[in-house]
Structure formats: C-alpha cells, structure tokens
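For reference, the chains in residue letters:
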Amino acid sequence: MASYNLKINGKAVSVTVDEDTPLLWVLRDELNLVGTKFGCGIAQCGACTVHLDDTAVRSCSIPIASLDGANITTIEGLAKDKLHPVQEAWKELDVPQCGYCQVGQIMTATSFLKQNPNPNNKEIRNAMNGNLCRCASYNRIEKAVALAAKKMS
Amino acid sequence: MGNQNKLTFSRRNFLRTSALASGGLLIGFNFLTSCSETATPPVDISKLNFKDFNAFIKIAENGYVTIFSPNPEIGQGVKTSMPMIIAEELDVPWKHVSVEQGVLDTNNFTRQVAGGSQSIRFGWDALRQTGATAKQMLINAAAIKWNVEPASCSASQGIIKNANGDELGYGNVVNEAAHLEVPENVTLKESKDYKIIGKDALNVDVEKIITGESLFGLDYKVDGMLYASVLRPPAFGQILESYDSSEAKALPGVVDVITIGEQARNYLNQDSFDPSAHWSVQLSKTDKVVVIGKTTWDVIKGKKALKAIWKDDSLIESTEMHNDELVKILDGKNLDTRREDGNIKKAFAEADKVLERTYESPFLPHNCMEPMNFFADVTNERVHLVGPIQTPEAAAKVVASLLNRNLEDIHVNMTRMGGGFGRRLYGDFVYEVAEISNKIKKPVKLISTREDDMSLGVYRPAISYRIAASIKDKKVTGYHLKEAAINSNMYGLIPHFFPAGAIKNYKVESGNYQSNITTGAWRAPYTNFLAFAEQSFFDELADLLETNPVQLRLDLLKNVKDGEDPNIQYSAKRMTDAIKLAVEKSNWGNTKEGIHQGFSAYYSHNTHVAEVVDITLQNGLPVVEKVTVAVDCGIVVNPTGAKNQIEGGVIDGIGHAMYGDFTFKNGKPQDVNFNTYRLIRMKETPVVNTYFVENDLSPTGLGEPGLPPAGGALANAIKAATGQIMTKQPFVKYLIKHKTGLKV
Ligand code: FES
Ligand code: FES
C-alpha cells in the first residue's frame, strides 16, 4: 500500500491503495465515483474510459502507481453547471438503451471532438470503434457525436 | 417466457384507490392478475405493497403524477412506455409525470419478469383502464363539487371543465376523489385522440445515465460492504477436489476465503426438485471457493492467488463432440413431432425436386455489458438482496429454500440492468451471494470479471436445423424441419410459425442432447437461429422455383387464412403488409451497381418484421451498409424508443451472425474476454432504417423481434453478391476461409 496524490475533476485527492490497483477501482471503490464502468478489464470495451489530461484512456488498465500527480476527469466532472454538449446530444437523440456503456462512449467522444472538432462520418466511426455497446445503439452514438460537433462549433 | 395466456380481469378486481395520509390520491393496480378482495393500497407512500398491486399511481395535490413501476428495466424502454400509456388515458401533460422504480420489498411478485418482449403486450389493456378510471374519478369528484352531472364535464391535460366554463385542476380534487367509488364503465380514448402515445418520449432515466449516476447493480454500495469473487470449475463437468488459499489469505486486502456449494447441493438433491418447473434456476453441484475482500481489486487479486485442484465428475465435452451428437439426432429416428399437417412422406415421394440443407449455429454467451453481480445482506432478521435480475420472484423463492428461511424474510430490490438478453433470467449469482452472505453474516457484493461472466454462462445452446422441401409443378408441396439442440428444444407456438399453415404437407420435429454445459434463453430464444435457417432456405427455394424471394413469401402467405388455426398466431395479412413496406422503402430490386440485397421476413413475439439488407463487397468480404426494417407491432407507443429497440436488435442479429462464435475444448470455453471473442463494433455496423406499419391494433413487443430476421437477410445478401450459401454461423469464419473463391 502506498499513498498517491491525484487531481480528479479539478479536486486534489489522496488515496492509499496497492500500487497495482487500476485507476478504475480507485475511482469506483475508493472515491465512490461509480459513473466509470467496468466491462472487460483488459482495455477492449471502453466502458471505463476517463480523461488523463484531455486524452481518453482506459482506466481499467492503468495502475495507480503510474498516475501520481495526474489530472483525471471522469463523467462526474464533465458537466459543469449544465450538461456538456456531448451529453446534450446524447439526450436529444435518446441514445441509451441499457445505458451501461454510455458513459465510456461519452468520454471517448468528448476527447475525440477536442482533437477533431469537425469530423466526418468515417472519422467518427474510427474514433468510436474501441467502445463496445452490447445493446448496439451504434447508429445513435454515431449521430450523437456528429450532433455534438455541430453544437460545439 | 412465451406465456401466451389471454388477459382476463374485470376492473373491479384489479384496481383500488386510497387517500394518502400526506394528501393526494393513490391508485394501486395490477396489470396482469386481479387483486385479492381485501387488498387496499397503503395511505403511507413508503409502504407500497407490490404483493397485491404491481404498480401504483400517485396524484399529488399539485396535480403532478408519480408512477411507481416495479417492472425491471433492462434497456427495453418499458420504464418509459408503460407510464406513457397510463398518462395518455389519465390525460395529463407528459411533463407532469415522473416515474420511479418501485421498491420491491416483498416476495409475491406477479410477473416482474422482463423477458419475451411481453411487458407492453400484457400491460396495454390494464394500463389504459387504470388511467381512464382515475380520470373518471377525478371528473366525478369535480362534478360533486360543482353540483353538476359528471357527464357534462370533461378533462384534458390535467384540467377538468364543466359546461359553465368552470375549471379545476386534478390536484384540486384528488382528496375528494380518493373517497369515491371506483367507477365501472369508463370509456377509453380512440387512437386518433392520442396526445402522448405515438409521440417520442425520452428514456426517463436518460439524464441519470449520461451523467453517470449510480443506477446499476455494480454501483450499489452500503457501509461495511465486502466484495466477493467466486472461483468455479474451469471446465463444465468438473468439481472441486481441494484448494490452497494460503497465498490469497496472505494478501492484505483479503478478509477471508470460504467455500460455498453445500446449500445448493442440498436443494438440488431434494426429492421435490423438478428442473422443468425451475427453468430459471441454474445451480451446480460443485463446491466453489470464494475470496472475500475489502475492494473489488482485492478479490480479483485474491482469486488469482488461489490454487485449486479440480476433478472430472461427469463427461468433459467439446464442440466437435456436440456437432457429432447433433448430426446423429438429425440422422436418427428419435425425434418428437411438434406439428404435422398432411402427408410429407407422400409429398416427397411424388416431388419433381427436393431441396435439403443443414444449418449449424454455435453456443453464444450473452455478454451483458454489465457483468453479473449481486448484493446480499443476510441477517437473522432478514435477507436483503439487491441487484440486476429479470426474475426477482424466482430468486426470492430459491434463496428462501437454499437458506431455509421464510419467504417473508426475503427482500429483493432491483437495480437498473446493464443488459439482460436473457442472461438475467437466471439467478445463479443471486443464490451464490446469498450463500456467501449467509456464511459470513455480512453485507457483501458478488462481482464477476468478464472472464467469470463469459465462463459461467447460461449460454444460448448450439442448435442445428435440417430443412427439406419438396417441389412439384413449380409449387412447394412439402416442408420438413428437424431441430437438434443442446439441452432443450423450441417452445410454445414456435412449431406453428410461418410456413406452418402455408404448405399443405408440413412437419416439425425436434430432439436434443443433454449436456452438462448450462444453457438458457438468449434474446429471441430459438427463433434467433431458426429464422436464419428458414429465411436462407426460402431464398434457395425461390431460385429453384424460378421466382423472386419476396414473391415466394407473398405466394405462400396467400395460402394462409388468418384465424383458422388457433395455433397459428402470425397473420398473413400483417406479414404481407410488412413485406410490402420493406420492399417499398428498401428499393428492393432496384439498387445501384455494387449493392447486393437480401430479404427476410419473420414473425416472433407477436410482432411481424420484414428486413432488407444491403451489402457491398470490399476485398471479397461483405460490408453491411444498410438494413431497411418494416415492423408491425401494432400501435407504436414511443417511436424513438421503439426504433432504438429495432436498431439494436437488428445490429445484434447481424453482429452475432457474422462474428459470434463460442467453442468448447475439454469442457472449457475457448474465449473468455473481448480480446478474442468478437462483438460487432461501430465500424461494422450498418445504418438501420425502421418503418412501422400503421394500424390501430394493440401494441406488441419490440425487444426481440428485430433480431431473428437479420441473419437470414444478411446471408441472402451474401448469396446474391457471391453465390456462396451461408449454412453456418458465424459467417466470418467461412468467408475468410473461402475468400479467394468469391467473385468481387
Ligand atoms: S473495462 Fe476498461 S476497456 Fe473494458
Ligand atoms: S446501451 Fe447497453 S451496452 Fe450500450
């Protein structure tokens, strides 16, 4: 066990956990930020996606020991006073089915749109390919990313 | 699943009202069965009793309406669409309605089962009657206040009016209404007057979902809760011989290592245990080793540190062996006849031509995005269970027997479910966590990794179909379908689905091989593969008959008289309409160069669906570009939700037909996570365009019926593009092997 200092959603936090603990479980079990989901644990499904600085990363596969001092944003920190435009788009198009994968999808989409504010369909499909949705709400996810891009431009 | 019972209730027996202590009117109702004579809704809202009523409506003094619905939400949208139906007849603005998941603090639920796409179909009449009855009571109360005849009053959008132009809001009369008799003869709206039904309504939980609120079983926590991870036999057919937990116990986060299994064994060994009456109960006979720890990561690590020795207890099976057994069944004579018309022997003997094909499908895991998990807190006073389960009633009963407790002690609370697809009909993980908490007497959450989830499955079983048709004078004269399946066969009215009734000489037979691999319902059980087999077969049949596949279906449907055979519940008329709509919207037969189309039409879960798949070929492999879907599900309650279900079902069907593969070697599943098990991803998904046949008929289910036709339509498109006939799922295996043989 060791102590680590991180910035999560703009707040300084300190956690004492085993050094190999993946960020995902630190978020969920230690910090009670349960918006970030567990789907596979091996960086294959994207349910656990969070931002490290502005980059989308798979929190299930990053041990806490490599994150001392890191700046992390989770879904809980995405909406400031009101919903983020990506969330707005998700709501407007009524994307979720079971909803379990959607937080990861939204985190991937927000980071992608920061890098590429004006994507075409092919780029959207490429960017979102790493996030599984078992309910197959893919059509709406694709449309929501495009709508969010429009909202933010 | 598939309970086809007709609804029978009189209004008096399914609805009761009471005045709330806090003010307002509470209506308890039961949308499937009648309430007992003595049942009354509580006056205290915190004491909702879902034993006598399975849903409640509260109308508060400010006119706002809260609907407490305990029906589990697995992503099929009933938590939105069912309240819409009530609100429509009650006639309140949708924005004044909120929906709360009812707390299931009871043990005698009536159909709190999300499965078989039946929630809406069963609820339709009762939900409308309830809304309309409540509205009439409010009108009656206002009429008394005004001292006028109720018939001279009307209500709309939460406001009651009389002939003098006076107005009262619902909230102004709720307290009076609560003391009135429940009226018997209320009229329901005509569909042309609907204001809420038929309009898009957002998923009621959408905002919570996209902001990451705690909703799912995995998110549920209480103070002092421990975590548990269960080590089960690595292969089906094995049981625990011995284990060494010293390394695991030495880990600082591991609290204890225990075994469970004894209680499950006792239960299974009871003389009274009848597996057929317990279809949703999956229990194994082995002991299992459980690591208890402080956090999820602690138990994941703890389990890895366990050393266990397993021994073979029953046959160790493999996919090759299953395939051999299924072929033996198809070749053999020991099949059960499930439907028989005319004389197929004669038809085949007199045929000009005979077409015969065998279709094979693999096992499939459900792979709900949220892996199986459940919470239990067993104390001397009570057993508290919380989590995602589609069958809380069965779970409560089994846990009561397992732990030797009174049913009254068992309390089940349902969370939102990160997918169901049939998997959460089976409560194995509930029984396990109950046994664990009973042993340690602490609140504990059982968690599964993806590897656990994929290897402790209640899989869709491998199934093979052999279909033969006889042709004489360019007509189909006989049809013979045989099903060979692992563990169990098609249920309910499936043997009477199309083309039953359309071909004079017709026979469906089935047989099974009993395996120790656990199997069960998987989104659109049986039809998820049967539809593929039959719909591919029809395409080839059309070629032999030198007609086009759409025309063949339409011609066959002409032979069917709706309503003539009570077992035949599909409607030739409705199917024909759906087919015509799909043909029109897809531009069937008139597409651009390079686009190849496949057609399929299928009835399941009381809904008629026709689909056209458009593909192109890239490097010899199919790229699914577009799927046009025509659906007759009666009145479409919530179009956005309905389309979402169809889009999901179709892509799911395409994905599993293309990629879904799950094999066993030495009793072990060969894929246990998404690095090797392939699910469809965004780049592989087509655009799905959904169209509804417009009519006034009662709504039917949508969670499942979009899926079955998809695989067949895709196979037929591949056939159109390449001439290759897909008889085995997943297609990708075959296509890659034979890629060079394709014309591009
Ligand atoms: S849980 Fe991290 S990618 Fe699946
Ligand atoms: S909405 Fe269910 S997994 Fe994506």
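These figures come from a predicted structure and were not determined experimentally.

> Break down the nonpolar core for me, citing the residues and quoting the values.
Among the nonpolar cores identified, the biggest contains 211 residues, and Trp90(A), Leu385(B), Ile436(B), Tyr465(B), Leu541(B) and Phe731(B) are the most heavily contacted of them. Of the residues forming this core, the biggest block, nine residues, is contributed by helix 13 (residues 527-544) of chain B. Not counting the four nearest positions on each side in its chain, Ile436(B) is found in contact with Ala228(B), Val230(B), Ile258(B), Ile260(B), Val290(B), Ile292(B), Val444(B) and Leu446(B). Ranked by size, the runner-up nonpolar core spans 44 residues in total, among them Ile85(B), Ile86(B), Leu127(B) and Ala142(B).

> Let's hear about the pattern of salt bridges: which residues, and what values?
All names here are of chain B. The tally for this structure, following the rule as stated, stands at 51 salt bridges over all chains. One salt bridge connects aspartate 91 with lysine 189, and the closest N-O pair in it is separated by 3.2 Å. With aspartate 91 in the loop between helix 1 (78-90) and strand 5 (97-101) and lysine 189 in the loop between helix 3 (170-177) and helix 4 (206-210), this pair connects stretches of sequence that are 98 residues apart. Classification of aspartate 91 as buried rests on a relative accessible area of 3%. Lysine 307 is the partner of glutamate 247 in a salt bridge, and the nearest nitrogen-oxygen pair spans 2.5 Å. Within this pair, whereas glutamate 247 is found in helix 5 (residues 246-250), its partner lysine 307 is found in strand 13 (residues 307-312), the two being separated by 60 residues in sequence. For lysine 307, a relative accessible area of 42% translates into the label partly exposed.

> Can you break down the domain arrangement of chain B residue by residue, with the values?
Residue and element names in this part refer to chain B. In terms of domain boundaries, chain B breaks down into domain 1 (11-209), domain 2 (217-314 + 372-447) and domain 3 (335-363 + 459-740). Inter-centroid distance (C-alpha atoms) of domain 2 to domain 3 is 37 Å. At the interface, 11 residues of domain 2 touch 15 residues of domain 3. Carbon and sulfur atoms supply 57% of the area buried between domain 2 and domain 3, which totals about 900 Å² over both sides. Sorting the residues of domain 2 by area buried against domain 3 places Phe236, Gln282 and Phe421 first, and these three jointly supply 62% of that buried surface. Seen at the junction of domain 2 and domain 3, the total is zero salt bridges. Between the two partners, domain 2 and domain 3, sit four residue pairs in polar contact (both at pLDDT 80 or more). Among the residues making up the side of domain 2 that touches domain 3, the classes are represented as six nonpolar, four polar and one charged.

> Go over the interface of chain A and chain B with me, naming the residues and quoting the values.
Across the boundary between the two partners, chain A contributes 53 residues, which contact 62 residues of chain B. Carbon and sulfur atoms make up 56% of the area that chain A and chain B hide from each other, which totals about 5,000 Å². A salt bridge links Glu647(B) to Arg140(A), with the nearest nitrogen and oxygen atoms 3.3 Å apart. Contributing elements (two or more residues each) for the side of chain A that touches chain B: helix 1 (23-30), helix 2 (85-92), helix 3 (102-115), helix 4 (121-127) and helix 5 (138-152) of chain A. Taken together, the residues of the side of chain A that touches chain B break down into 24 nonpolar, 15 polar and 14 charged.

> I'd like to hear about the packing of helix 5 of chain A against helix 16 (residues 639-659) of chain B, residue by residue, with values.
Contact pair helix 5 of chain A / helix 16 of chain B: the axes reach a minimum separation of 8 Å and the direction vectors enclose 115 degrees. Taking contact as the criterion, the partners of Tyr138(A), Asn139(A) and Arg140(A) in helix 5 of chain A are, on helix 16 of chain B, Thr640(B), Lys643(B), Asn644(B), Glu647(B) and Ile651(B). Within the contact of helix 5 of chain A with helix 16 of chain B, the residues separate by chemical class into two nonpolar, three polar and three charged.

> Could you give an account of the domain arrangement of chain A, with specific residues and numbers?
All names here are of chain A. Split by domain assignment, chain A resolves into domain 1 (2-77) and domain 2 (85-152). Each partner contributes to the interface: domain 1 provides 18 residues, whereas domain 2 provides 13 residues. Of the roughly 1,200 Å² buried between domain 1 and domain 2 on both sides combined, carbon and sulfur atoms contribute 57%. A salt bridge links aspartate 54 to lysine 114, with the nearest nitrogen and oxygen atoms 3.4 Å apart. Counting every contact that joins domain 1 to domain 2 gives nine residue pairs in polar contact (both at pLDDT 80 or more). Only strand 3 (49-52) and strand 4 (55-58) provide two or more residues apiece to the side of domain 1 that touches domain 2.

> Give a description of helix 14 (residues 549-558) of chain B that names residues and reports values.
Residues and elements named next belong to chain B. The buried fraction of helix 14 is high, at seven of 10 residues. Where helix 14 is buried, its residues meet strand 21 (475-486), helix 13, helix 15 (572-586), strand 23 (596-604) and helix 17 (708-722). Its side-chain oxygen at 2.7 Å from the backbone nitrogen of valine 550, asparagine 548 defines the N-terminal cap of helix 14.

> Could you give me a rundown of the pairing of strand 23 of chain B, with the residues and numbers involved?
Residue and element names in this part refer to chain B. When you tally the buried positions in strand 23, you get eight out of nine residues, the bulk of the element. In the sheet, strand 23 pairs with strand 24 (residues 607-618) via nine bridges, with the strands oriented antiparallel. Residue pairing across strands places alanine 601 opposite alanine 610, the latter belonging to strand 24. Hairpin connection of strand 23 to strand 24: two residues between the antiparallel strands, including histidine 605 at a positive phi of 50 degrees.

> Give me the environment of His322(B): which residues, what numbers.
Residues and elements named next belong to chain B. Relative to the helices and strands, histidine 322 is located in helix 8 (residues 319-331). A sequence separation of 342 residues divides histidine 322 from phenylalanine 664, and the C-alpha atoms of the two residues are 9.3 Å apart. Within the structure, histidine 322 has its side chain in polar contact with the side chain of glutamate 317 (distance 2.6 Å).

> Before we move on, could you go through the packing of aromatic side chains and cite the residues and values that matter?
Any pair of aromatic rings gets described here by the distance separating the centres and the angle formed by the planes. Residue and element names in this part refer to chain B. Enumeration over the complete set of coordinates arrives at 26 aromatic pairs over all chains. Measuring from ring centre to ring centre gives 5.7 Å for tyrosine 479 and tyrosine 506, while their planes differ by 5 degrees; the resulting arrangement is stacked. Of the two residues, tyrosine 479 sits in strand 21 while tyrosine 506 sits in strand 22 (residues 505-513), which places them 27 residues apart along the sequence. The burial state of tyrosine 479 is the same as that of tyrosine 506; both residues are buried.

> Lay out the confidence of the model for chain B in plain terms, naming residues and giving numbers.
All names here are of chain B. For chain B, the average pLDDT comes to 90, and 92% of its residues sit at 70 or higher. Taken as a whole, residues 1-11 scores under 50 in pLDDT and shows 29 contacts with residues more than four places along the chain or in a different chain. Segment residues 105-117: pLDDT under 50, and 59 contacts once partners within four positions in sequence are set aside and those in other chains are kept. Model confidence for the complex is summarised by a pTM of 0.92, with the ipTM given as 0.98.

> Let's hear about the packing of helix 10 (residues 392-402) of chain B against helix 11 (residues 428-440) of chain B: which residues, and what values?
Residue and element names in this part refer to chain B. The geometry of helix 10 relative to helix 11 is characterised by a closest axis approach of 10 Å and an angle of 35 degrees between their N-to-C directions. Crossing geometry of helix 10 relative to helix 11 is assigned as right-handed. Counted together, Ala395, Val398, Val399 and Leu402 of helix 10 and Val430, Tyr431 and Ala434 of helix 11 form the full contact between these two elements. Here the residues of the contact of helix 10 with helix 11 are counted per class, giving seven nonpolar, no polar and no charged.

> Pulling in residues and values, what's your account of the sheet that holds strand 12 (residues 288-293) of chain B?
Within a beta sheet, neighbouring strands are joined by backbone hydrogen bonds and run either parallel or antiparallel to one another. Residue and element names in this part refer to chain B. Read from one edge to the other, the open sheet built from seven strands follows the order 11-12-9-19-16-17-18, with strand pairing classed as mixed. In this open sheet, the two strands that pair with only one neighbour each are strand 11 (254-260) and strand 18 (410-414). Each strand axis lies, on average, 25 degrees off the axis of its neighbour in the sheet, ignoring direction. Contacts from helix 10 reach strand 17 (383-387) and strand 18 within the one sheet, and its direction differs from that of strand 18 by about 150 degrees. Relative to strand 16 (residues 373-378), helix 11 is tilted by about 35 degrees, and along the sheet it contacts strand 9 (226-231), strand 11, strand 12, strand 16, strand 17 and strand 19 (444-447).

> Give a detailed account of the environment of His51(A), specifying residues and quantitative values.
Residue and element names in this part refer to chain A. Along the chain, the position of histidine 51 falls in strand 3. Residue classification places histidine 51 among the buried positions, given a relative accessible area of 6%. Residues histidine 51 and isoleucine 72 lie 21 residues apart in sequence; the distance between their C-alpha atoms is 5.5 Å. Sequence-distant contacts of histidine 51, that is, excluding residues within four places in its chain, are made with Ala56, Asn71, Ile72, Thr73, Met107, Thr110 and Ser111. There is a polar contact of 3.2 Å between the side chain of histidine 51 and the side chain of threonine 110.

Here is what the cut-offs are and how they apply
- Residues numbered from 1 in each chain as written.
- Chains lettered and ligands numbered in written order.
- Predicted model: local features only at pLDDT ≥ 70, side-chain atom pairs only at ≥ 80, totals over all residues.
- Heavy atoms only, no water.
- Core = buried A, V, L, I, M, F, W, Y, C linked by side-chain atoms within 4.5 Å.
- Buried < 20%, exposed > 50% of the residue type's maximum accessible area, 1.4 Å probe, protein only.
- Helix = DSSP H or I, 4+ residues; strand = E, 2+ residues; numbered from the N terminus.
- Contact = heavy atoms within 4.5 Å.
- Salt bridge = Lys/Arg side-chain N within 4 Å of Asp/Glu carboxyl O.
- Domains from an automatic or database assignment.
- Buried area = accessible area lost by both parts, 1.4 Å probe.
- Polar contact = N/O pair within 3.5 Å; in protein donor to acceptor, adjacent residues only side chain to side chain.
- Nonpolar A, V, L, I, M, F, W, Y, C, P; charged D, E, K, R; others polar.
- Axes fitted to C-alpha atoms, helices over the stretch in contact; angles between N-to-C directions.
- Pairing = 2+ DSSP bridges.
- Phe/Tyr/Trp six-rings, centres within 6.5 Å; stacked < 30°, edge-to-face > 60°.
- pLDDT = per-residue confidence, 0-100.
- Left-handed = near helix turned anticlockwise from the far one by under 90°.

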